[in-house]
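# Residue-level structure breakdown
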Amino acid sequence: MFAPEATTEIAAVESAPPLIAHIDMDAFFVSVELLRRPQLRGKPVVVGGSGPRAVVAAASYAAREFGVRSATAMAKARELCPGAVILAPDMAAYRAASTRVMAVLAEFSETVEVLGLDEAYLDLGDCPTPKSRARAIKHAIRSQTGLVCSVGIGPNRLIAKIASDLDKPDGLCLLVKERFLDAVGERPARLLPGIGPKTAERIGAIGITTVAELAAVEFEALAAIVGHSQAEALRARARGEGSAELCIARKRKSESRVRTFDHDLTDPAVMHRELTSMAERLAADLLENDRRGRTVTLKIRLRPFRTFSRSRTLATATNDRATITAAALALFDEFERDAPVRLLGVGLAGLEVEDENGPAPEAAASGKPGTRPIQLTLVDLDGEGRDCTTSN
DNA sequence: TCTGGGGTCCTAGGACCC
DNA sequence: TCTGGGGTCCTAGGACCC
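This text gives an overview of the structure that appears in the document. (Residues numbered from 1 in each chain as written. Chains lettered and ligands numbered in written order. Predicted model: local features only at pLDDT ≥ 70, side-chain atom pairs only at ≥ 80, totals over all residues. Heavy atoms only, no water.)

### A look at the packing of helix α13 (residues 268-288) against helix α14 (residues 321-334)
Remark: α13 packs on α14, axes separated minimally by 9 Å, with the N-to-C direction vectors making an angle of 145°. Classified by chirality, the crossing of α14 by α13 is right-handed. Facing Pro268, Met271, His272, Leu275, Thr276, Ala279, Glu280, Ala283 and Leu286 of α13, the residues of α14 in contact are Arg321, Ile324, Thr325, Ala328, Leu329, Phe332 and Asp333. Here the contact of α13 with α14 is built from residues that sort into 10 nonpolar, three polar and three charged. (Axes fitted to C-alpha atoms, helices over the stretch in contact; angles between N-to-C directions. Helix = DSSP H or I, 4+ residues; strand = E, 2+ residues; numbered from the N terminus. Left-handed = near helix turned anticlockwise from the far one by under 90°. Contact = heavy atoms within 4.5 Å. Nonpolar A, V, L, I, M, F, W, Y, C, P; charged D, E, K, R; others polar.)

### Describing the protein's contact with DNA strand C
Taken together, 20 residues surround DNA strand C, and among them Lys161, Gly194, Thr199, Ser311 and Thr313 come closest. Per the 4 Å cut-off to the protein, sugar and phosphate atoms form 100% of the nearby atoms of DNA strand C. The contact in question runs from a phosphate oxygen of DNA strand C to an N or O atom on the backbone of Pro197, over 3.4 Å. Between DNA strand C and Arg310, the relevant distance is 3.1 Å, taken from a phosphate oxygen to a side-chain nitrogen or oxygen of the residue. Those elements that place two or more of their residues in the surface near DNA strand C are α9 (197-204) and β11 (306-318). The leading source of residues in the surface near DNA strand C is β11, at six residues. (Near = heavy atom within 4 Å. Polar contact = N/O pair within 3.5 Å; in protein donor to acceptor, adjacent residues only side chain to side chain.)

### With respect to the sheet that holds strand β3 (residues 56-59)
The mixed open sheet is built from three strands, whose spatial order is β3-β2-β4. Both outer strands of the open sheet, β3 and β4 (85-87), are each paired with one neighbouring strand and no more. Neighbour to neighbour, the strand axes of the sheet diverge by 25° on average, direction disregarded. For strand β2 (residues 45-48) and β4, the ladder comprises three bridges, and the chain directions are parallel. The residue of β4 that forms the bridge with Val45 is Val85. Running over the sheet, helix α2 (residues 28-36) touches β2, β3 and β4 and is turned about 110° from β2. (Pairing = 2+ DSSP bridges.)

### Here's the deal with helix α5 (residues 91-106)
For α5, built from 16 residues, the straight-helix expectation of 22 Å at 1.5 Å per residue is met to within 8% by its first-to-last C-alpha distance of 22 Å. For α5, the full list of buried residues reads Ala93, Tyr94, Ala97, Ser98, Val101, Met102, Val104 and Leu105. One face of α5 carries all of its buried residues, which in axial projection span an arc of 165°. Facing away from the buried side of α5, by more than 90 degrees, are the exposed residues Ala92 and Thr99. Residues of α5 that are buried make contact with β1 (19-25), α2, β2, β5 (112-115), β6 (119-125) and α6 (130-145). (Expected span 1.5 Å × (residues − 1). Buried < 20%, exposed > 50% of the residue type's maximum accessible area, 1.4 Å probe, protein only. Arc of directions from axis to C-beta.)

### Quick notes on the environment of Leu329
As for its placement among the helices and strands, Leu329 is situated in helix α14. Expressed as a C-alpha distance, the spacing of Leu329 and Val346, which sit 17 residues apart in the sequence, is 9.5 Å. If we skip the residues at most four places from it in the chain, Leu329 touches His272, Leu275 and Thr276.

### As for helix α7 (residues 157-166)
Most of α7 is tucked away: seven of the 10 residues are buried. Where α7 starts, the residue carrying a side-chain oxygen 3.1 Å from the main-chain nitrogen of Leu158 turns out to be Asn156.

Below, the structure is given as structure tokens:
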């Protein structure tokens, strides 16, 4: 179905839109652990914390057969699968493995959008033989890292992502737009990214449970329950419509540290200590990367599970330890608690990047002193650093 | 499913300005 | 002056994703 080399260009113009591949590592954290513990292959293995409130970070396929999934409470996971081997997360190892995987992907395309540690989109352009390209990618990842992935190929990000999920693990699936509803129309609408438990329940209330039903729903009926804007987005997704633009240099917009306590806290002095410690770690990391932000956010979760946030925007961006700590403690002291505290967190939003070229664009635009403000502003307008979130 | 940690985007109301 | 409309910023909460 794909044109031979000589007519590639014509084929691309006529029918073949640029193709996107979605690469999704299979049971990533577990698979990294298995590299150094090969004797556990095929067994139920769970990566997760050990505290009373820990959850599963990753489960092997053998463990999934017992009903253990990501985000299952560890206590529940042990109950479901008493024979599971439980391993503590080793994020440094997973980050290192992720870096190796992404390096392999970079050999195949200049345009790679990394999403988290275990996923990426890759622009295949008008590749005439996308399936053999995908096989080559899978083979390279396996031979260079020892890890297995699933690849989905489609005309846009949405279809590529869904395709990568259809054939897991070790999958390879190419899905064209025309066949989208044939392939997933009868599947639950929950399959679509952006439809979580709440939205699934809401649309279920008007009788929509499958992708095909969502694709065919009368617009006003859908808009009445999820709003016009979301209705538009959901229906488009159900029809396989989506963007094919990748963003290779996303800028982080906020950074935070949160902690759920093994036992709920009631002593304000202890909470002050915890907040101070988180604010200091946050500030240290921001300082190390030369990032500053203006809005300090306090996150607080009360027993049993009520979550609140309070924020304050400062006059200028900062990464100063004392400033962030003082703002977080002030927000905390102003908050009226009526129950013990399960979680506390400190965040900084509205981040600017201060890289080697000079101050962040905001600072440059507002006339603050900097080394080379004009160059940076220009680079940022049309360079790779362009913020792509607006073009989606 | 007694529910982690680190993110993103969206919505909605109020303040404030012109 | 009894009262418009648009734009932007800030705050809080919700939903979702990996």
